[in-house]
Structure formats: structure tokens, C-alpha cells
Amino acid sequence: MYTAHPDRYADMPYRRTGRSGLKLPALSLGLWHNFGPDRPVETQRAILRRAFDLGVTHFDLANNYGPPPGAAESALGGFLRTDFAPYRDELVISTKAGYLMWPGPYGEWGSRKYVLSSLDQSLKRMGLDHVDIFYSHRPDPDTPLEETMGALHSAVQQGKALYVGVSNYSAEQTREAARILGELGTPLLIHQPRYSMLDRRPEDEGLLDALDELQAGSIVFSPLEQGMLSARYLDGIPEDSRAASDSPFLNSDALTEDLVGRLRDLNDIAKSRGQTLAQMALAWVLRGGRVTSALVGASSARQIEDSVGAIRNLDFDGDELARIDVIVKQ
């Protein structure tokens, strides 16, 4: 029987999500890649337990996470029953709907039929009566935004979600989504964009500014750029790495000699801060408080420990930020 560590809240900072009453840990656990039948059950259990023991109270999913799609939610459902049943009210569980889940015209995107059917399926897989945050995973170019946001509002009205958010929406789409939700009486809680030292589109395209204006939170995915912002590729491409397998999310062509050189330069800055490159990359997205939480994945409990180590130094001086910018933008 699992008993959570009594000091699990001692060190992790918790940040208020926009103007809501919900606080999220600075680091949240994403169950995108490493939770499914192709991974050892005990490894999955160890990751979840260690994360919670370190104060990571938010587990982030989507209907299509696995592989195969749905597997991550099913896996978490098992652990919620066997390990975390006494701690459900200490956890924030989120899921999303938007990507392909079943064949035919109602199996993806943003129609009311798909969004609410997907949520029902997600709840069944996890064995829950509600999730804490439910997202529209991507904007639908063919469905009126009023319909998709109306479905999120209905999820809250039905008691199947406490809060709602969007992911992969532009600044303009986010403002419009927030307007529609506000008129319905369900505030936009949070946006989940991709953001890292190497991918600054939320800054460059005005998304972070829009979230500031809307007083909505943000939780960023891929803050380590699929592992590129870690020690894994400082000496080239390991044979057992994601890049070596030419994953659709990271392939060997992306790791050019120039990029590896810049990663080494960033690693030198991290060392001077007493951090690993991964820890500095996480601290960078969390700097200044504009980002509520950073999503990290993990293939082992040790990776969770390394990521959580980032919270020991979240501050940067002007010289460090300038040096990082020169390296990244050269």
C-alpha cells in the first residue's frame, strides 16, 4: 500500500492560475509518451509516486495519449484506484479532446458531439466522475468556435469538469474563446502552448501578452524540446534516443552540428548556475512568473527528481538572459 511522503508540500512552489482560485505546482507531470502497455507497469507506478512525493500534484493527459490512444488515461485510472484513491482531492487531473480517436466524421476536432463524447470516454477510462481541467486540444477550422466553447461550458454545467482551457490556439483565437466562454459564464482558466528557450512563439506571436490581458494561466509543453534541452544530445545522438528512432516529434535531421554546439554553450551557462541543462531550461520558462507551470515527461523516477531540482534556482540575472538569447538567436 502506497503512503505519500508527509513532506510532499515542503519545497514545491504553487502558482495561482490566472485569476482563479486554482494553484498548480511549478512543475506538472505530462503522461504523453511513457504511459501505456509498452512500458513496465512498475516503472509507471514509480514515476507517479515519486512525482507526487515531490509535490507534483498535477497529472496532465489527453484522450489520444499512449500509445495507443487512450492508453495513458487507462493506465492512470488503474493507479488512481490502487495508489491514489486516498489522495484524489489533492490531485489536479486534466485531459483534452481534439485529435483523432475513432473513425468517421465525429472522431476528432471540435464538434459538440465529439468533444462531449470524448470526455465521457476519458472519464470512463480513468474511473472518474469529473476532471479538474478539460481542454479543447486544438482549434477546429470548420466548426464555429461558439460550438466548441459551448461544449466546454456544458462539461462544466454537467459537473464533468471543474475548469476549462485551450491548447494550440493562437493569441487571436484565445481572445475570442475567452470572450465566448465569459459570456456563457465559464471563464477560460488556462492555455497550454508549446514554449521553450528554442521555441519562443508564445512570446513572438503575442500569446503570453494575450494571457496577461485575459488574466488566464499558462502551462507549457515541450519545455525541453523533446529532450534536446538536456544532456542527452551534448555528444551527438545516442543509439537508444528518440532522435535516433526518427520519431515524428524529433528526428536526427533536427540535431545539426550547429545546434549541438549551441546546446553545449547553453550547458556551460547551466553549469555556472549549478544546474543541469534540463533544469535551466525549465527554470527559463518559469522565470518571472508569467508561466504558471511547466509540463515535464519522464521515463523514470530519477528523471522526475532531476526536473524538480530546477525549482531550487528559478531566477536569472540580466547577463545570463542576454547570453542565452545570443546563443539561441545566433
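Predicted, not measured: the structure shown is a model, and the values here were computed from it.

**A look at the packing of helix α8 (residues 257-272) against helix α11 (residues 318-329)**
And step 1. It is at 9 Å that the axes of α8 and α11 come closest, and there the two elements cross at 170°. When the axis of α8 is compared with that of α11, the two are roughly antiparallel. Across the interface between the two elements, Arg262, Asp265, Leu266 and Ile269 from α8 touch Arg323, Ile324, Ile327 and Val328 from α11.
And step 2. Split into classes, the residues belonging to the contact of α8 with α11 amount to 5 nonpolar, no polar and 3 charged.

**Considering the pairing of strand β6 (residues 131-136)**
And step 1. Counting buried positions over the 6 residues of β6 gives 6, a clear majority of the element.
And step 2. Across 4 bridges, the pairing between strand β5 (residues 92-97) and β6 is parallel. The residue bridging lysine 96 from the neighbouring strand is tyrosine 135, located in β6.
And step 3. In this fold, β5 hands off to helix α3 (residues 112-126), which returns the chain to β6; that crossover is right-handed.
And step 4. Bridging between β6 and strand β7 (residues 161-167) involves 5 bridges; their strand directions are parallel. Among the inter-strand pairings, tyrosine 135 is bridged to a residue of β7, identified as glycine 165.

**Topic: the packing of α3 against helix α4 (residues 145-157)**
And step 1. At a closest axis distance of 9 Å, the pairing of α3 and α4 adopts a crossing angle of 30°. Compared by their axis directions, α3 and α4 come out roughly parallel. In terms of crossing hand, the pair formed by α3 and α4 is right-handed. Counting all contacts with α3, which are made through Arg112, Val115, Leu116 and Leu119, the residues of α4 involved are Glu147, Gly150, Ala151, Leu152, Ser154 and Ala155.
And step 2. Here the residues of the contact of α3 with α4 are counted per class, giving 6 nonpolar, 2 polar and 2 charged.

**Details of the packing of aromatic side chains**
And step 1. For the coordinates displayed, the defined rule picks out 9 aromatic pairs.
And step 2. Arranged with centres 5.4 Å apart and planes meeting at 55°, the rings of phenylalanine 52 and tyrosine 87 form a pair that is tilted. Here phenylalanine 52, found in helix α1 (residues 41-53), pairs with tyrosine 87, found in the loop between α2 (71-82) and β5; they are 35 residues apart in sequence, far enough to count as distant. A single burial state applies to phenylalanine 52 and to tyrosine 87, both of which are buried.
And step 3. Taken together, the ring pairs in this structure connect Tyr2, Phe52, Phe59, Phe84 and Tyr87 into an aromatic cluster.

Conventions and cut-offs
- Residues numbered from 1 in each chain as written.
- Predicted model: local features only at pLDDT ≥ 70, side-chain atom pairs only at ≥ 80, totals over all residues.
- Heavy atoms only, no water.
- Axes fitted to C-alpha atoms, helices over the stretch in contact; angles between N-to-C directions.
- Helix = DSSP H or I, 4+ residues; strand = E, 2+ residues; numbered from the N terminus.
- Parallel < 35°, antiparallel > 145°, perpendicular 65-115°, else oblique.
- Contact = heavy atoms within 4.5 Å.
- Nonpolar A, V, L, I, M, F, W, Y, C, P; charged D, E, K, R; others polar.
- Buried < 20%, exposed > 50% of the residue type's maximum accessible area, 1.4 Å probe, protein only.
- Pairing = 2+ DSSP bridges.
- Right-handed = clockwise from strand over helix to strand, strands pointing away.
- Left-handed = near helix turned anticlockwise from the far one by under 90°.
- Phe/Tyr/Trp six-rings, centres within 6.5 Å; stacked < 30°, edge-to-face > 60°.

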